[in-house]
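Here is what each chain is made of, one letter per residue.
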Amino acid sequence: MRKFLYICIFSLIPVFACATVLGVNYKATDAAAKNDTLLPADSTAYNAAGGNDPIISYSSTAREYTIAGISVTGAESYDKAVLIGYSRLKVGDRVKVPGEQITKAVKRFWKQGLFSDAKISAEKIQGDSIWLRIDLEQRERISEVNITGVKEKKKDDIKGAIDLKKNGIVTPNLIARTKDAIKKHLCGDGYRNAEVEINVRDDQNKKGFVIVNIDVDRGDKVKVHRIYMSGLQNMSEAKVKRGMKKTKERKLINIFKSKKFIDAEYANDKGLAIEKFNEYGFRDARLISDSVVEYKENRVDVYMNFEEGKKYYFRNISWVGNTIYSSDVLTAALGIKKGDVYNQKLLNNRLMADEDAMSNLYLDNGYLFFNVDPVETKVEGDSIDLEMRIYEGQQAVINNVVIKGNHSIYENVVRRELRTKPGELFSKTNLQRSARELAATGQFNPEKMDIRPEPNPENGTVDIVYNLEQKKNDQVELSFGWGQAGVTGSLGMKFSNFSIRNVFDKEAYRPLPEGDGQSLSLSYSTNAKYYHSASLGFTEPWLGGKSPTTFSTSFYWSKQSGVNSRYYSDNYYNNLLYDNTNYSAYAAAVDRDKYIMTIGASAGIGKRMDWPDDYFSMYWELSYRHYTLQNWSYLEITDGSANNLSVSATWSRNSLDNPYYTRRGSKLSLMAQVTPPYSLFKDNSRTYSLVDRYRDGNPNEEYRGLSEDEYMEMQQELFRWIEYYKLEFKAQTFTPLSSNQKLVLMTRAEYGFLGYYDSHRRSPFERYYVGGDGMTGYSYTYATTAIKLRGYDNGALTPKDPVTKRDAGNLYTRFSLELRYPLMLETATTVFVLAFADAGNAWRDFSDFNPFNVKRSAGIGARIILPMIGLIGIDWGYGFDMPKDFGGGSNFSFVIGQEF
């Protein structure tokens with residue numbers, strides 16, 4: 001029996017061998033391609049009269065023929081000569097039929113993936129000549145991909161995640177992969193139950209092309225209902241859950257966090273949960289098992305079973321390999337003591353990551369190649385001994401400093417901000433400070449700044465490469481409108497990269513000469529007939545180009561007109577103000593005989609200091625303002641002129657890391673401004689007595705008959721030269737509250753005091769106008785400083801003089817807390833939202849000052865920083881301590897321009 005089987009098997013071997021190697025009249029189908037097998041086409045007898053293909057015998061010995069001709073059918077989109085060339089069969093070649101050459105030619109076609117069927121047949125055989133025909137069935141191409149069921153933005157995201165492209169080839173495998181890719185993409189957004197249907201139909205307008213329609217049913221997002229944890233003995237669930245950054249359950253504490261369940265994020269959170277155990281000394285903690293169970297539709301419960309293991313503590317920490325610093329110095333810098341909980345994250349941070357990490361001792365002293373490897377040398381009970389194995393290496397000297405991405409600023413202007421100079425030792429602190437200084441210029445995007453040290457251990461040098469992205473910081477303001485007074489508008493321009501030395505160089509205008517990092521600002525604004533102002537400012541941040549000495553100067557002019565007294569009379573008020581047909585009543589009521597005009601100039605110089613540290617600077621300014629008044633009843637002096645000559649000194653410290661969206665650092669300033677004490681140079685006792693008696697309303701016999709005009713003349717004499725001193729303190733801090741440093745707490749505290757040398761000559765100028773949006777800043781119109789306090793009307797908290805009934809804010813304080821979170825941090829745009837709590841107040845006299853008597857408010861707001869506009873924002877606040885009729889309650893305020 002066994003012998004009979006052997007005979008049968010060996011007798012069939014030639015047949016199978018011929019079927020395997022024969023390439024004539026073979027075709028490759030999709031099914032064949034998947035199995036890597038060629039299937040022979042049915043052979044028919046050749047009859048010259050009937051035109052049938054010749055008969056090929058598979059049982060006989062292969063014959064050798066000369067290829068006399070090759071033709072191609074079925075591939076209209078391809079060049080025939082190219083296809084014949086790809087087969088590697090040429091006229092004149094000798095081939096065996098059946099044989100390997102033709103089999104390989106067929107394989108080449110279907111391995112390309114361009115054809116759903118390929119075969120090579122013998123059209124004609126004469127003698128030892130053979131004519132071959134390559135029959136190809138071309139796969140369909142995509143003419144259009146349509147996606148339905150999602151928004152336009154998501155369509156673009158999906159198209160970027162799949163391989164279905166226009167003019168691409170459609171295969172069943174590609175359709176299946178596309179469906180899986182879309183589901184995976186949607187699952188990444190929390191749509192775990194999404195359904196995808198893909199339909200392919202012929203394009204009636206393009207032969208050989210198809211239209212692919214993808215219908216997406218996302219369903220609802222799948223969210224976490226509850227996270228159940230077991231195996232916890234010492235760790236609380238709350239601590240472990242806080243360690244999981246993305247997988248959050250539905251609780252009030254997570255109201256601002258996403259509760260979506262995403263598999264990839266959950267996988268990462270499992271590792272973060274173990275890291276949280278490690279932070280509390282459970283170094284051997286592990287996740288034994290976990291599962292995700294459907295709670296109900298679009299809700300899942302997560303079950304996690306942990307094994308805590310033993311809690312460990314640091315015991316002995318020793319150092320080896322250190323020669324530059326002693327072990328005691330390194331231990332003190334590490335800040336970990338014997339008996340502290342074994343916290344691996346803390347250990348890594350104290351070694352390398354923290355701002356005051358131990359490694360900074362080396363990295364700030366040139367030891368760029370320094371490395372430390374903490375090794376557990378002994379684990380005994382719950383205690384672990386560590387050996388810190390240090391490789392100090394040699395000091396690295398800066399070789400090249402390369403700046404990339406700068407296109408519009410002179411390179412020397414960029415380099416002068418850097419603390420990394422060729423030939424100096426490498427310093428991590430200097431590298432970080434260079435990044436801050438570059439960001440502070442406002443010329444580069446701090447979010448995209450990439451600074452890379454490229455060490456060269458062979459020669460002990462390092463190249464510093466600054467990869468920068470230019471950020472246009474110029475601003476243009478152009479606005480027009482129609483108000484109660486008529487046409488209003490403003491035009492303002494600020495150029496932050498001006499170059500005054502290239503003013504006469506025509507080729508440097510783009511549109512103004514640029515490249516030196518100087519600042520030039522021009523502005524003009526009008527409120528129809530009532531108000532006009534213009535200003536010009538210039539700042540040179542590096543006077544002389546050798547040191548960070550700032551020089552600034554400004555010139556300004558403004559004129560404010562008053563309202564005709566008839567406007568406030570009952571008849572005039574009723575007939576014009578509320579007459580809808582006469583909407584220009586207010587515009588027509590302008591009284592050009594009532595005005596205050598201000599002309600002023602200032603010049604200042606600032607210097608960066610080395611003590612207490614080089615974040616401090618000192619700025620001195622000399623300013624002069626001349627006021628001309630006529631029938632101006634808003635101040636104690638109504639007619640005449642007044643002069644304000646003052647000098648100020650500002651001591652400040654600025655360590656903010658980013659001028660656009662600040663995450664950390666502080667900004668402090670202490671300013672003192674003084675005028676000469678003119679009252680010491682002249683005896684005005686008689687004038688003081690007259691003024692006092694007139695204000696008291698009961699002049700004695702000697703001064704009876706003092707008219708109002710005479711009183712005003714005396715006021716003019718007193719305020720011809722204004723005298724005062726002014727003290728201001730401002731502090732602002734920024735602290736990141738989240739690990740990604742996006743959620744930031746800003747705190748602010750301010751104090752201001754306007755003092756006097758002589759009580760009879762208290763300045764009616766330079767006072768504080770407290771409450772509202774504070775947009776006016778320093779008002780040259782009313783010569784006051786506006787202080788922002790959201791939730792109240794403008795000036796609502798400004799006290800009145802008990803005699804004159806005019807504003808008399810000589811002292812103020814303000815406190816603020818803000819929680820900020822960014823929505824967009826891009827090169828062109830920065831957007832963030834905030835929630836705030838404000839408190840503040842103003843007083844007339846220092847004796848009235850009470851830091852606990854403040855008006856409180858709270859609210860929300862948003863800020864947007866645009867490259868040509870600058871900062872704009874809106875706040876809604878509610879003032880708690882004053883009724884709406886007196887300026888409290890619900891109020892909106894707007895922000896334009898950077899705040900302190």
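Structure's up top.
Throughout, residues of each chain are indexed from 1 in the direction in which the sequence is written. This being a predicted model, a pLDDT of at least 70 is required before a residue's local features are given, and a value of 80 or more before pairs of side-chain atoms are given or counted; all residues contribute to the totals for chains, interfaces and linings. The basis for every side-chain value is the complete set of non-hydrogen atoms in the structure, without hydrogens or water.

Draft legend 1. Representation of the pattern of salt bridges within the structure. The working definition used for a salt bridge is a side-chain nitrogen of Lys or Arg within 4 Å of a carboxyl oxygen of Asp or Glu. Per the counting criterion, the structure on display carries 51 salt bridges. One salt bridge in this structure joins Asp614 and Arg433, with 2.5 Å as the shortest N-O distance. On the criterion of sequence distance, the pair formed by Asp614 in the loop between β24 (590-608) and β25 (616-630) and Arg433 in helix α13 (residues 428-440) is long-range, its members being 181 residues apart. Three exposure classes are used, based on accessible area relative to the maximum for each residue type with a 1.4 Å probe and protein chains only: buried under 20%, partly exposed in between, and exposed over 50%. The class of Asp614 is partly exposed, set by a relative accessible area of 23%. Overall, the relative accessible area of 6% leaves Arg433 in the buried class. Across the salt bridge formed by Arg856 and Asp881, the nearest N and O atoms sit 2.8 Å from each other. Of this pair, Arg856 sits in strand β35 (residues 855-866) while Asp881 is found in the loop between β36 (870-879) and β37 (889-896), placing the two residues 25 residues apart along the sequence. A relative accessible area of 46% means that Arg856 is categorised as partly exposed. In DSSP terms, a helix is any run of H or I states spanning at least four residues, a strand is any run of E spanning at least two, and both are numbered starting from the N terminus.

Draft legend 2. Spatial organisation of the sheet that holds strand β13 (residues 313-320). A strand pair is defined by DSSP finding two or more bridges across the two strands. Sheet architecture is open: three strands sit in the order β13-β15-β14, paired in mixed fashion. With one partner strand each, in any of the chains shown, β13 and β14 (371-380) form the two edges of the open sheet. Each neighbouring strand pair of the sheet contributes to a mean axis angle of 25°, computed without reference to strand direction. Taken together, the six bridges between β13 and strand β15 (residues 383-391) define a ladder with parallel strand orientation. If you follow Ser318 over to β15, its bridge partner there is Glu387. This element, helix α9 (residues 327-334), spans β13 and β15 of the sheet and lies at about 140° to β13. Note on definitions: angles span 0 to 180 degrees between N-to-C directions of axes, and those axes are lines fitted to C-alpha atoms, for helices only across the stretch in contact. Any pair of residues with heavy atoms lying within 4.5 Å of one another is described as a contacting pair.

Draft legend 3. Looking closely at a negative patch on the surface. Patch membership needs two things, relative accessible area over 30% and no salt bridge, and members are linked within 9 Å if like-charged or within 5 Å if nonpolar (Val, Leu, Ile, Met, Phe, Trp, Tyr). Each accessible area is a Shrake-Rupley estimate made with a 1.4 Å probe; only the visible protein chains count as cover when residues are assessed. Positive residues here are Lys and Arg, negative ones are Asp and Glu, while His and the chain termini are left out of the count. By convention, the point assigned to a charge is CZ for Arg, NZ for Lys, CD for Glu and CG for Asp. Judged by side-chain charge, Glu195, Glu197, Asp215 and Asp217 come together as a negatively charged surface patch. Mapped onto the elements of the fold, Glu195 is located in strand β8 (residues 195-202). On the basis of relative accessible area, Glu195 is assigned to the partly exposed category, the value being 46%.

Draft legend 4. Region of interest: a nonpolar patch on the surface. Nonpolar side chains collect at one region of the surface, where Leu622, Tyr624, Leu645, Val647, Val674, Trp721 and Tyr757 lie side by side and expose about 560 Å² of accessible area between them. For the nonpolar patch, the secondary structure elements donating two or more residues are β25 and β26 (640-654). Secondary-structure assignment places Val647 in strand β26. We classify Val647 as partly exposed; its relative accessible area is 40%.

Draft legend 5. A look at the packing of aromatic side chains. Classification of ring pairs rests on two measures: the distance between centres of Phe, Tyr or Trp rings, Trp counted by its six-membered ring, which must be within 6.5 Å, and the angle between planes, read as stacked under 30 degrees, edge-to-face over 60 and tilted in between. Here the structure, examined in full by the defined rule, presents 24 aromatic pairs. Here Phe846 and Phe849 contribute two aromatic rings whose centre-to-centre distance is 6.1 Å and whose plane-to-plane angle is 25°, an arrangement assigned as stacked. We classify Phe846 as exposed; its relative accessible area is 54%. One aromatic cluster is present, formed by Tyr725, Phe753, Tyr757, Trp843, Phe846 and Phe849 through successive ring pairs. The ring of Tyr312 carries the charged tip of Arg283 above its face, separated from the ring centre by 5.2 Å. Over a ring means this: the NZ of a Lys or the CZ of an Arg is within 6 Å of the ring centre and within 35 degrees of the ring normal. The cationic tip of Lys471 hangs over the ring face of Tyr660; the distance from NZ or CZ to the ring centre is 4.6 Å.

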